[in-house]
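# Structural features, examined
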Amino acid sequence: MTTSNVVVLDNGGGLIKAGIGGERDPSAVIPNCMGKPPSSKKWLMGDQLHSQSDLTSVSLRRPFDRGYLLNPDLQRDIWSHLFSNLLRISPSQSSLLLVEPLFNLPSIQRSIDELVFEDLGFRSLFVADSPSLVHLYEASHCPYGLLAKSQCSLVVDCGFSFTHAAPVFQNFTINYAVKRLDLGGKALTNYLKELVSYRAVNVMDETFIMDDVKEKLCFVSLDVPRDLQIARRPGKDNLFRCTYVLPDGITYMKGFVKDPNEAGRYRTLDGGAPPPSTVTKEDMDQHEVTEKPEDRRRIDLTKNEFNLTNERFLVPEMIFRPADLGMNQAGLAECIIRAVNSCHPDLHPVLYQSIILTGGSTLFPQFAQRLEMELRPLVPDDYQVKITTQEE
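Residues numbered from 1 in each chain as written. Predicted model: local features only at pLDDT ≥ 70, side-chain atom pairs only at ≥ 80, totals over all residues. Heavy atoms only, no water.

Per an unreviewed UniProt entry, the recorded name for the protein chain is Actin-related protein 6, and the organism is Vitis rotundifolia. Per UniProt, the comment on the protein chain under Sequence similarities (unreviewed entry) is "Belongs to the actin family." (UniProt positions renumbered as here; feature names shortened; annotations may be inferred.)

This is the structure:
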């Protein structure tokens, strides 16, 4: 069988990545959902939604809930559209390589088998998990590196519904050592929605817009107490303040960052250097006395925009400190330590040296540096910590 007959489908809870075996990049990356804009009478597929001019208050239906496929009928409709309209392949002439979540339930596996063979009519099916494929991809990129020689790595996958720390040995995921955080991109977007709705304008129904805000403006803080202090400063001395303009349906059909240069000012802080500031501590104290909380919260509702300050780093902070939000979960660094400690001691030094980050929520700026900062005190001194990031 030629690779052109193999369809590769990474069926995530947030995005579907699909393509033909042998090609470097996926042919289609679409939201794994159907949506109905207020202006439309019918439900649209994920890729059709992005071609819509107005995405405000879109009602969404997703086949996945909390990481599990709970609506196979909806998934079948999305896959049928994907294979016939976007990939233009005939399932009866093709085989399917499907990426499924770790610890998928047997009942869900059976419903997927029915979908693939009975509803869609594929010739054959191979089911893989994400960590082993990520490991193979990285090993093939550096055939002489430690990862390829040892055939061992620790894959940290921050997806839409979950975050997994999964050790891989000889190209197989070590299931008994996998540790999971019930936190992913969806929870981060929901937290950002709550913060903005409480402080500025109600955006609880604006999933697509808030996803865009999160991807363009959020970053991981390397020093949270320092950054919280900076976020309280007035005017130009607040390096985190930036403005996002919402679509109004007349002038702007899509939301955008008002001043991209302003949004990137926080990068001057790296290395822990104090930011350039004209404000002394006395001025800060004076300002805190004179500015009343109600003034700070006063929003001009005639403008279709809102400001972000500390929300930009408090949202990704959830991954490292879920307990701060009342979640009974360990942070990502502790999750990785527990995963490594579940493996044979001989593997520990190699695993710490072969950490691979994958998944959309690892793409926040400064994510890898912060994770290394958190891990270093927890890892024995004679072990090296090396984190590899994916291109996208």
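Next comes the rest of the description.
Here we take up the sheet that holds strand β10 (residues 124-129). The 5 strands are arranged β3-β2-β1-β9-β10 in an open sheet whose pairing can be described as mixed. This sheet does not close on itself; its edge strands, each paired only once, are β3 (28-31) and β10. Neighbour to neighbour, the strand axes of the sheet diverge by 20° on average, direction disregarded. Where strand β2 (residues 15-20) and β3 come together, 4 bridges link them in antiparallel fashion. If you follow K17 over to β3, its bridge partner there is V29. The strands touched by helix α2 (residues 72-86) are β1 (6-11), β2, β3 and β9 (95-100); relative to β1, the strand with the most contacts, the crossing angle is about 140°. (Pairing = 2+ DSSP bridges. Helix = DSSP H or I, 4+ residues; strand = E, 2+ residues; numbered from the N terminus. Axes fitted to C-alpha atoms, helices over the stretch in contact; angles between N-to-C directions. Contact = heavy atoms within 4.5 Å.)

So, on to the confidence of the model for the protein chain. When the pLDDT values of the protein chain are averaged, the result is 86; 90% of them are 70 or greater. Confidence drops under a pLDDT of 50 for residues 272-297, and excluding neighbours within four residues, the segment shows 21 contacts in the predicted structure. (pLDDT = per-residue confidence, 0-100.)

The sheet built from 3 strands is open, its strands ordered β16-β15-β17 with antiparallel pairing. Only two strands of the sheet have a single neighbouring strand rather than two, namely β16 (256-257) and β17 (305-308). Pairing of strand β15 (residues 242-245) with β17 involves 4 bridges; the strand directions are antiparallel. Looking at β17, one finds that T243 is bridged to N307.

All right, on to unusual backbone geometry then. Here F103, not a glycine, exhibits a phi torsion of approximately 60°, which is positive. Relative to the helices and strands, F103 resides in the loop between β9 and α3 (106-119). A residue is classified by how much of its surface remains accessible, and F103, at 36% relative accessible area, is partly exposed. The phi torsion at Q151 lies on the positive side, around 55°, for a residue other than glycine. In this structure, Q151 sits in the loop between α5 (146-150) and β11 (152-158). A residue is classified by how much of its surface remains accessible, and Q151, at 32% relative accessible area, is partly exposed. (Buried < 20%, exposed > 50% of the residue type's maximum accessible area, 1.4 Å probe, protein only.)

Looking now at the nonpolar core. Ranked by internal contacts, the top residues of the largest apolar core, which has 55 residues, are V213, F306, I336, I355, F367, L371 and L375. Looking at this core element by element, the count peaks at 7 residues for helix α13 (residues 332-341). Setting aside chain neighbours within four positions, we find F306 in contact with V196, A200, V201, M210, V213, C242, T243, Y244 and L246. Within the second largest apolar cluster, 28 residues are counted, among which are V7, Y68, L69 and L96. (Core = buried A, V, L, I, M, F, W, Y, C linked by side-chain atoms within 4.5 Å.)

Enumeration according to the criterion identifies 15 salt bridges in this entry. The partner of R76 in a salt bridge is D77, with the nearest N and O atoms 3.9 Å apart. By relative accessible area, which is 26% here, R76 ends up partly exposed. D77 sits in the partly exposed class, given a relative accessible area of 35%. Residue R321 is joined to E374 by a salt bridge in which the shortest nitrogen-to-oxygen separation is 3.2 Å. Taken together, the positions of R321 in the loop between α12 (311-320) and α13 and E374 in helix α15 (residues 367-375) put the pair 53 residues apart, joining distant regions of the chain. Of the residues examined, E374 reaches a relative accessible area of 16% and is grouped as buried. Three or more residues joined by partner-sharing salt bridges are found here, namely D73, R76, D77 and D119. (Salt bridge = Lys/Arg side-chain N within 4 Å of Asp/Glu carboxyl O.)

With that settled, the discussion passes to α13. Counting buried residues in α13 gives 7 out of 10 residues, a clear majority hidden from the surface. What α13 keeps buried is the set L332, A333, C335, I336, I337, A339 and V340.

Interaxial distance between α2 and α3 falls to 11 Å at its minimum, and their mutual angle equals 40°. By the criterion of interaxial angle, the relationship of α2 to α3 is oblique. Both α2 and α3 take part in a crossing whose hand is right-handed. Of the residues in α3, those in contact with P72, Q75, R76 and W79 of α2 are S111, L115, V116 and D119. For the contact of α2 with α3, the class distribution of residues is 4 nonpolar, 2 polar and 2 charged. (Parallel < 35°, antiparallel > 145°, perpendicular 65-115°, else oblique. Left-handed = near helix turned anticlockwise from the far one by under 90°. Nonpolar A, V, L, I, M, F, W, Y, C, P; charged D, E, K, R; others polar.)

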